[in-house]
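Examination of the molecular architecture
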Amino acid sequence: MLTGTTMAYIHLSELRGDDWVIRVRICRMWESVSTKDGSLISVDMILIDEMENLMHAVVRKHLVPRFKHRLTKGLIYELRNVKVALNVYPYRPLASNLRLLFLPATEVRKLGEDVASIPRHGFQFVDQAVLRVRADDVTTLSDIVGCLCGFGQLEVVGTGYRKRDIRIFTDYSVTSTITLWAGWRPYVIVVSSVTVKTYQGSLTFAITSGSQIYINPNVGHVSSIRERFSALSLKVIPIDGATVARIPPEEAMFINRMTVEALVNATCAGELKVDVVTLKATKTAINNHYGWYYVSYKSCVRKVVPKDGIYVCNTCAKPVDFPLTLFRVNVQVEDTTGSTTVVLFNAAIERLLDISAKKLINNMPPGDTSLPTKLQPLLGREFVFKLKLNKYNLVEGLQDYGVSAVYTPLAELESVHATGHLTHAGGYLMESLTDDDNVPEGDKKRKMVLSPVIKNVTENSGEGLSAINKDAAENMSGPVINDATGTCSGDP
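Given the structure is predicted, the values throughout are model-derived calculations rather than measurements. (Residues numbered from 1 in each chain as written. Predicted model: local features only at pLDDT ≥ 70, side-chain atom pairs only at ≥ 80, totals over all residues. Heavy atoms only, no water.)

**Quick look at the overall build of the chain**
What counts is decided by this rule: Runs of E in the DSSP output that reach at least two residues are strands. Runs of H or I that reach at least four are helices, and both are numbered from the N terminus. Each residue's exposure class comes from its accessible area (1.4 Å probe, protein chains only) as a fraction of the maximum for that residue type: buried when under 20%, exposed when over 50%, partly exposed otherwise. For every accessible area listed, the method is Shrake-Rupley and the probe measures 1.4 Å; residues are considered covered only by the protein chains on display.
Scanning the chain from N- to C-terminus turns up nine helices and 28 strands. Here the chain holds 492 residues, and the buried ones make up 46% of them. Accessible area of the chain: about 24,600 Å², with a carbon and sulfur share of 51%.

Have a look at this one:
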């Protein structure tokens, strides 16, 4: 309970000094966590008063146990002894350089809904010009609103981050893409606290730890947008992602099929007119001259190098606190026409061996850089390699082709392909494992679609390949509030 002399409430826009009392609703609430180790940094809130003023409030980590069970999103509170402080940090959820900090002496009292008419939601919508100014600048986050008109496949990027792209028709009549880190229905939606970026001349947005997703919130601006969109015929359609298979895998393993000889000759002559080919060949040797792994980090999966005892990213020059050890294996392959070298990266090798590079290193003597015996079973096996060619192959005529997918060849399909009458039959063992567009050699960005789980059956067993469908309709990161139905799901 609050003690002392009763004071008049002041509005959030009038906060000055230290001795005041405010009456506010918590319209948003989330946990801010470290991207390095997932540890809690603070509990953050957006407060709103009866004049629709908004203020960012923070409960720092050491005070979370004190206030954790006393604050609930959506309720109205009376607050005293909360400090007004300058906000000098990036990723500000509001366009303000002020925020409120909870103190050990902060007093909290829950109020009833009948004490004041305070809106349940509060956003800071801005026009397209402001969004473009904020593009590629994470100082201030943005709230956007639009009608859902497209959705992408659920994908995995980096070392396990899940993402799905959705597309909205915004209130400024532009179709934009939002990346959701972690199923969706066609409603007018508001996504709060997003970063703004530009991609190929268009604005795109990505959610942050402070983002929340609202379906048809009861806000005047959103209501007017709903009326406007009701007159339009906007159909929700799938978005083709970069890693989404556009043809069946039993056909994909025969895309631009070449022999080793034809591939090498075309590469050397600079006559390759396509950037994707498939190659059926047997692994015969592993070249360990450049090693079988490299050190990277999860943000971009690029190579990092030690400088003065600290790992630094070659691409962005940032120090890396938690480096990753990833596979990069140069493998010599051959068919009846010749031999060449292909490069298999982390996702492909892990799927083939069911072990990580880090675990292999931990099982070896310190300083031992020799080739692990665990890699030897790859030799002598025949695969179909889907090669993603880059400028080093197409322009400079170099070999060392990057592998973007690995398949197990099936005798019946190969026979049909040889006759030139390939039809749908059988299945596949391994789908796209990496997406290596325009990235040289070992510096590959890992990306794969969450594909069906494939039962590993060799052609010698006489069994076909069967797929078990997985449910891809997973909840998106962050809470989803549907004011039309009064339901809320996915609250963190």
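**Details of a nonpolar patch on the surface**
Applicable threshold: Patch membership needs two things, relative accessible area over 30% and no salt bridge, and members are linked within 9 Å if like-charged or within 5 Å if nonpolar (Val, Leu, Ile, Met, Phe, Trp, Tyr). Salt bridges, as used here, are contacts in which a Lys or Arg side-chain nitrogen is within 4 Å of a carboxyl oxygen on Asp or Glu.
Judged by side-chain polarity, Leu86, Val88 and Tyr89 come together as a nonpolar surface patch covering roughly 350 Å² of accessible area. Judged by relative accessible area, Leu86 falls into the exposed class, the value being 58%.

**Let's talk about empty space enclosed by the protein**
Going by this rule: Both cavities and pockets are sets of points on a 1 Å grid over the protein atoms alone; in a cavity a 1.4 Å probe fits but cannot get out, in a pocket the set is open with protein on both sides within 12 Å along at least five of seven lines, and lining residues sit with an atom within 4 Å of a point. Grid points are joined across faces, edges and corners, and a volume is the space filled by probe spheres set on the points. Note on residue classes: Ala, Val, Leu, Ile, Met, Phe, Trp, Tyr, Cys and Pro are nonpolar, Asp, Glu, Lys and Arg are charged, and everything else, Gly too, is polar.
If you add up the space inside the second largest cavity, you get close to 50 Å³. Around the second largest cavity, the lining residues are Leu54, Met55, His56, Asn87, Arg92, Pro93, Leu94, Ser96 and Leu98. Broken down by element, the lining of the second largest cavity gets its largest block of residues, three residues, from strand β3 (residues 54–60). Of the residues that constitute the lining of the second largest cavity, the class distribution is five nonpolar, three polar and one charged.

**Details of the nonpolar core**
To be explicit about the condition: Only buried Ala, Val, Leu, Ile, Met, Phe, Trp, Tyr and Cys residues count toward a nonpolar core, and they belong to the same one when joined by side-chain atoms within 4.5 Å. In this analysis, two residues are considered to be in contact whenever any of their non-hydrogen atoms come within 4.5 Å of each other.
Counting residues in hydrophobic clusters, the biggest one holds 34 residues, and the most contacted among them are Leu344, Leu375, Phe385 and Leu387. Broken down by secondary-structure element, the contributors of at least two residues to this core are α5 (260–269), β15 (276–287), β20 (324–335), β21 (338–345), α6 (346–353), α7 (357–362), β22 (382–388) and β23 (401–407). Apart from the residues within four sequence positions on either side, Leu344 is in contact with Lys283, Phe327, Arg328, Val329, Val331, Ile349, Leu352, Phe385 and Val403. The next biggest cluster of nonpolar side chains, apart from the first, holds 23 residues, and it includes Val24, Met29, Leu71 and Tyr77.

**Describing the pairing of β20**
So the rule is basically this: Strand pairing is assigned whenever DSSP detects at least two bridges linking the two strands.
Pairing geometry for β15 and β20, over five bridges, is antiparallel. Residue pairing across strands places Lys283 opposite Val333, the latter belonging to β20. Sheet topology places strand β16 (residues 293–296) next to β20; four bridges connect them, and they run antiparallel. By the bridge assignment for β20, Tyr293 is matched with Phe327. Strand direction decides the pairing type here: β20 and β21, joined by eight bridges, are antiparallel. Bridge pairing links Val333 to Thr340 in β21.

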